[in-house]
Amino acid sequence: MSVIHRTTMAPTKLELLAAWLPTRPWYRGGEDTVPELARAGGFRLDDPEGEVGIEFMVVTDTAGDETHAYLAPMTYRGAPLEGAEHALIGTSEHGVLGTRWLYDGAHDPVLLGALTALLEGRAEPQAQSETDTPDPTVAASFDGPAGAWDASAAPVVADGAHGTDVRLGAGAPPLRIARVLDEKAAGPRGQVVTGWSLPDGERRRGAYVLVLDPS
């Protein structure tokens, strides 16, 4: 069970993301853009071992001519994840837990294991800001057999202009993390769908994660 602490983080998640987003190939601004970010939605998943925080966070960016909603699945760890230096978003001092290492969750096997469990109906999505509170707005579906993904396999991750594709085992259906959220996006084999808010308060709903056909 994830415990939500009402405390401080320095730097904040938004400050870390503001530095990290312009380095991503799917960011719609340029490398010289300074993002103007606001929290816009998301949910959490539980680590069965209770060691790693797992959050799917949406932020809106109003820098530039258009507003975009970006999905940042993140893990929070009490020690560095070996071999994942390339996936480190940054470190932060948590008011209760001390130094936390924040990673792009597309590269973290704990997040990916929880995500595939969610798609297969073995995990329950949790509210983003409340302890031990299920989030009924999150809908997950998968048209395939149980055990389709090999949670022990090293993830093969590819960032592109429209998202991040992840493979977990030979022949497994690829997972696409839809980094720039779009209400029209749909996964041919399954998806994780929930909502987010625009800066003017308008609500949107669409796929955070899509399950693609194996190729």
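Refer to the structure above for everything that follows.
Just so you know, these numbers come straight off a predicted model, no measurement behind them. The residue numbers shown here count from 1 along each chain, following its written sequence. In view of the model being predicted, local features appear only for residues whose pLDDT reaches at least 70, and side-chain atom pairs are presented and counted only at 80 or more, with totals across whole chains, interfaces and linings using the full set of residues. Side-chain descriptors were evaluated using all non-hydrogen atoms of the structure, hydrogens and water having been removed beforehand.

Draft legend 1. Quick peek at the sheet that holds strand S7 (residues 139-142). Spatial ordering of the open sheet is given by S7-S11-S12-S10-S9-S8, a layout of six strands whose pairing is antiparallel. Edge strands, defined here as strands with exactly one partner in the open sheet, are S7 and strand S8 (156-159). Ignoring strand direction, the axes of neighbouring strands in this sheet form an average angle of 25 degrees. Two strands are counted as paired when DSSP detects at least two bridges linking them. Numbering goes from the N terminus for both helices and strands, where a helix is a DSSP run of H or I of at least four residues and a strand is a run of E of at least two. Where S7 and strand S11 (residues 190-197) come together, four bridges link them in antiparallel fashion. Along S11, the bridge assignment pairs Ser141 with Gln191. With axes taken as lines fitted to C-alpha atoms, and helix axes fitted only over the stretch in contact, angles between N-to-C directions fall between 0 and 180 degrees.

Draft legend 2. Region of interest: the packing of aromatic side chains. Pairs were defined over the aromatic rings of Phe, Tyr and Trp, the Trp ring being its six-membered one, requiring ring centres within 6.5 Å. Orientation was assigned from the angle between planes: stacked under 30 degrees, edge-to-face over 60, tilted for the rest. Scanning the model with the defined rule gives seven aromatic pairs in all. On the numbers, 5.9 Å between centres and 35 degrees between planes, the contact of Phe43 with Tyr208 is tilted. Here Phe43 is found in strand S2 (residues 37-45), whereas its partner Tyr208 is found in strand S12 (residues 203-211), with 165 residues between them in sequence. Accessibility assignment for this pair places Phe43 and Tyr208 in one class, buried. Centroid distance Trp196 to Tyr208: 6.4 Å. Interplanar angle 50 degrees. Geometry classified as tilted. Pair noted here: Trp196 is in strand S11 and Tyr208 is in strand S12, with a separation of 12 residues, a long-range link. The cut-offs for exposure are 20% and 50% of the maximum accessible area for each residue type, with area from a 1.4 Å probe on protein chains only; residues under the lower value are buried, those over the upper are exposed, and the others partly exposed. According to the relative accessible area criterion, Trp196 is buried, its value standing at 2%. For Tyr208, a relative accessible area of 0% translates into the label buried. The rings of Trp20, Trp26, Tyr27 and Tyr70 are connected pair by pair, giving a single aromatic cluster.

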